[in-house]
Amino acid sequence: MNPPIVLSSTYVSQGPPPAGDFMYTRAGTETWVPFERALADLEGAAQPALVFSSGMAAIAAAMSLVPHGGRLVVPRHAYQVALMFAADLADRDAVEVVHVDIADTAAVIAALTAPPAAGSRPASLLWIESPTNPMLEVADVPALVEAAHALGIPVAVDNTFATPLVQRPLAWGADVVVHSVTKYLAGHSDVVLGAIVVDDAALHTRFHTYRTLHGSIAGPWEVWLALRGLRTLALRVERAQASAAELARRLATHPQVAEVRHPSLPGDPGHERATRLMAGFGSIIGLRPIGGAEAADALVAALRLWVPATSLGGVESSLERRRRFATEAPTVPEDLLRLSVGIENVEDLWADLSRALSTLQVRSQDGSEVR
Ligand SMILES: Cc1ncc(COP(=O)(O)O)c(C=O)c1O
């Protein structure tokens with residue numbers, strides 16, 4: 001029922017390396033194979049997935065598609081370390097990075113076609129996150145892929161937030177899908193792992209070679225745990241999405257709440273597109289309590305069941321104020337809390353949230369605490 005965990009770093013071999021056989025674990029080990037096949041099946045990919053040591057290692061590999069002097073178009077809101085990596089490429093390798101509102105299809109296409117500076121080249125890669133971290137903007141991925149391909153520009157999609165159960169970017173023609181397996185795919189906050197998924201055999205070889213040369217490989221335990229997590233992905237995602245939609249609906253009318261972002265809400269800017277393109281709305285909620293960053297911090301501190309922590313996509317509900325990181329995009333509101341809804345009983349989650357929100361209410365009635 002369960003594949004073995006093979007800990008050997010090397011395999012018995014002599015003479016010229018026979019094609020396809022395992023020889024040395026940096027290049028490949030059978031422990032990766034079941035997970036890589038399962039993730040490829042989930043994404044509907046023609047090639048096996050490639051596991052990497054983390055989501056960031058997979059992102060670094062995917063961004064290596066941008067040649068020296070090339071242009072990389074990225075969402076202005078996306079996983080902050082991915083944007084920091086792009087900025088680092090710009091600093092060190094003279095890659096030009098252009099930030100766009102990924103929900104504004106016309107603006108993205110304009111950024112692909114019209115180089116902002118004289119002498120700059122057409123874009124070399126379009127980077128998409130949808131929904132975005134942490135603003136939950138929803139991109140029109142098929143329209144963007146079509147426009148980019150018409151210009152000969154490859155497209156990479158970070159599918160971490162949606163998971164392949166909610167959207168499959170390869171089916172829309174995207175060239176590369178990346179995952180932080182750390183999040184929903186592994187699902188238990190006990191593994192750091194990444195993956196790349198592609199359809200094209202030449203791209204698969206390229207990323208396989210990249211992984212071997214950079215040594216950005218996964219440990220056997222991590223991949224085994226991720227495969228175990230994957231078995232319950234559908235159950236976890238189904239439960240967490242249903243709870244997130246219910247919590248977002250209740251939060252939307254709560255007197256201590258200034259704004260709720262979740263694509264399930266009819267008034268959410270991403271609602272129409274998510275309804276049209278996605279098979280669900282995901283289980284991340286953006287929440288801005290009345291009272292600014294101070295109230296947001298007070299809410300985090302007042303919660304008992306929700307865990308104050310970074311990361312997301314685990315079975316445990318967690319939350320954090322994203323601007324606690326100085327590196328988060330300055331256009332992310334100071335008071336935005338990113339809630340990752342887990343699989344606990346939704347009434348327990350609501351009881352904790354509404355109780356913690358009511359402590360803010362008491363403070364505001366007292367006076368000075370709330371801005
Ligand atoms: C959307 C997204 N992509 C990628 C990453 C990076 O993954 P990892 O932490 O596994 O390196 C994260 C981590 O938070 C993320 O939220």
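Summarised in this report is the structure supplied together with it.

Parameters and conventions
Residues numbered from 1 in each chain as written. Predicted model: local features only at pLDDT ≥ 70, side-chain atom pairs only at ≥ 80, totals over all residues. Heavy atoms only, no water. Helix = DSSP H or I, 4+ residues; strand = E, 2+ residues; numbered from the N terminus. Buried < 20%, exposed > 50% of the residue type's maximum accessible area, 1.4 Å probe, protein only. Contact = heavy atoms within 4.5 Å. Areas by Shrake-Rupley, 256 points an atom, 1.4 Å probe, with all protein chains shown as cover. Lys, Arg positive; Asp, Glu negative; His and termini not counted. Charge placed at Lys NZ, Arg CZ, Asp CG, Glu CD. Pairing = 2+ DSSP bridges. Axes fitted to C-alpha atoms, helices over the stretch in contact; angles between N-to-C directions. Polar contact = N/O pair within 3.5 Å; in protein donor to acceptor, adjacent residues only side chain to side chain. Near = heavy atom within 4 Å. 1 Å grid on protein atoms, 1.4 Å probe; cavity = no way out; pocket = protein on both sides within 12 Å on 5 of 7 lines; lining within 4 Å. Sits in = over half its atoms within 2 Å of the grid points. Nonpolar A, V, L, I, M, F, W, Y, C, P; charged D, E, K, R; others polar. Points joined across faces, edges and corners; volume = space filled by probe spheres on them.

1. A closer look at the overall build of the chain
For the chain, the helix and strand inventory stands at eleven helices and twelve strands. With the C-alpha coordinates of the chain rotated into their principal frame, the extents come out at 80 × 55 × 35 Å. Going through the 371 residues of the chain one by one, you find that 54% of them count as buried. Across the chain, the fraction of contacts at a sequence separation of at least 24, relative to all contacts at a separation of at least 6, is 70%. A total accessible area of about 15,500 Å² is found for the chain, and carbon and sulfur atoms account for 57% of it. Separation between the mean location of the 29 positive side-chain charges and that of the 39 negative ones in the chain comes to 2 Å.

2. Quick word on the environment of Ala 45
Note on placement: Ala 45 falls in the loop between helix H1 (33–43) and strand E1 (50–52). Between the C-alpha atom of Ala 45 and that of Leu 213, which follows or precedes it by 168 residues, the distance is 24 Å. Ignoring any residue separated from it by four or fewer positions in sequence, one finds Ala 45 in contact with Ala 40, Leu 170, Val 197, Val 198 and Asp 199.

3. Let's talk about the sheet that holds strand E2 (residues 71–75)
A sheet is described by the order of its strands in space; here seven strands give the open sequence E1-E7-E6-E5-E4-E2-E3, paired in mixed fashion. Of all the strands in the sheet, just E1 and strand E3 (96–100) have a single pairing partner and so form its edges. Adjacent strand axes in the sheet meet at a mean angle of 20 degrees when their direction is disregarded. Pairing of E2 with E3 involves five bridges; the strand directions are parallel. Bridging from a neighbouring strand, Val 74 pairs with His 99 of E3. This element, H1, spans E1, strand E6 (176–180) and strand E7 (194–198) of the sheet and lies at about 55 degrees to E7.

4. Some points on the environment of Asp 268
Structurally, Asp 268 is set in the loop between strand E8 (257–261) and helix H9 (271–277). On the basis of relative accessibility, which here comes to 6%, the residue Asp 268 falls in the buried class. The contacts of Asp 268, once residues within four sequence positions are left out, are Val 260, Arg 261, His 262 and Pro 263. Only 3.3 Å separates the side chain of Asp 268 from the side chain of Arg 261, close enough to count as a polar contact.

5. What about the side chain of Ser 124?
If you trace the backbone, Ser 124 turns up in strand E4 (residues 123–129). Dropping the residues within four chain positions of it, Ser 124 is found in contact with Val 66, Pro 67, Gly 70, Arg 71, Ile 153 and Pro 154.

6. Thoughts on the site of the ligand
Near the ligand lie 13 residues; those nearest to it are Met 56, Asp 158, Ser 180, Thr 182 and Lys 183. For the ligand, an oxygen atom lies 2.8 Å from a polar atom in the side chain of Ser 180. Starting from 390 Å² of accessible surface for the ligand in isolation, the protein chains cover 91%. The pocket occupied by the ligand, as judged from atoms lying within 2 Å of grid points, is the second largest pocket. For the shell around the ligand, the element with the highest residue contribution is helix H2 (residues 55–63), accounting for three residues. Tallied by class, residues from the shell around the ligand come to four nonpolar, six polar and three charged.

7. Regarding helix H10 (residues 292–302)
For H10, a buried count of eight out of eleven residues is recorded, marking the element as mostly surrounded by other parts of the structure. For H10, the full list of buried residues reads Gly 292, Ala 293, Ala 295, Ala 296, Ala 298, Leu 299, Val 300 and Ala 302.

8. Points about unusual backbone geometry
Glycine aside, residues mostly have negative phi angles, and peptide bonds mostly take the trans form. Across the junction of Ser 130 and Pro 131, the peptide omega takes the value -10 degrees, indicating a cis bond. Position of Pro 131 relative to the elements: it lies in the loop between E4 and helix H5 (141–150). Here the bond from Asn 133 into Pro 134 is cis, since omega is 0 degrees, no more than 30 degrees from zero. Phi angles above zero are rare outside glycine, and Leu 136 is one such case at about 65 degrees. By the secondary structure assignment, Leu 136 is in the loop between E4 and H5. Relative accessible area serves as the criterion here: at 2%, Leu 136 is assigned to the buried category. One non-glycine residue, Ser 189, adopts positive backbone phi at about 55 degrees.

9. Details of the sheet that holds strand E9 (residues 284–289)
Strand order in the open sheet made by the five strands is E8-E9-E12-E11-E10, with mixed pairing throughout. Bordering the open sheet on either side are E8 and strand E10 (307–308), each of which pairs with just one other strand. Two strands pair when backbone bridges link them, and E8 and E9 are joined in this way by four bridges, in the antiparallel orientation. In the sheet register, Val 257 faces E9, and the bridge partner there is Pro 289. Running at roughly 15 degrees to E9, helix H8 (residues 233–252) makes contact with E8 and E9 of the sheet.

10. A word on the layout of surface pockets
Over the atoms, a rolled probe matching the size of one water molecule traces out where space is still vacant. In this structure, the largest pocket encloses a volume near 410 Å³. Around the largest pocket sit 20 residues that line it, and Gly 20, Phe 22, Ala 27, Gly 28 and His 208 are the ones nearest its centre. Class assignment of the residues belonging to the lining of the largest pocket gives a composition of eleven nonpolar, five polar and four charged. Space inside the second largest pocket adds up to approximately 210 Å³. What lines the second largest pocket is a set of 15 residues, among which Gly 55, Tyr 79, Thr 160, Ser 180 and Lys 183 lie closest to the centre. Of the residues forming the lining of the second largest pocket, the biggest block, three residues, is contributed by H2.

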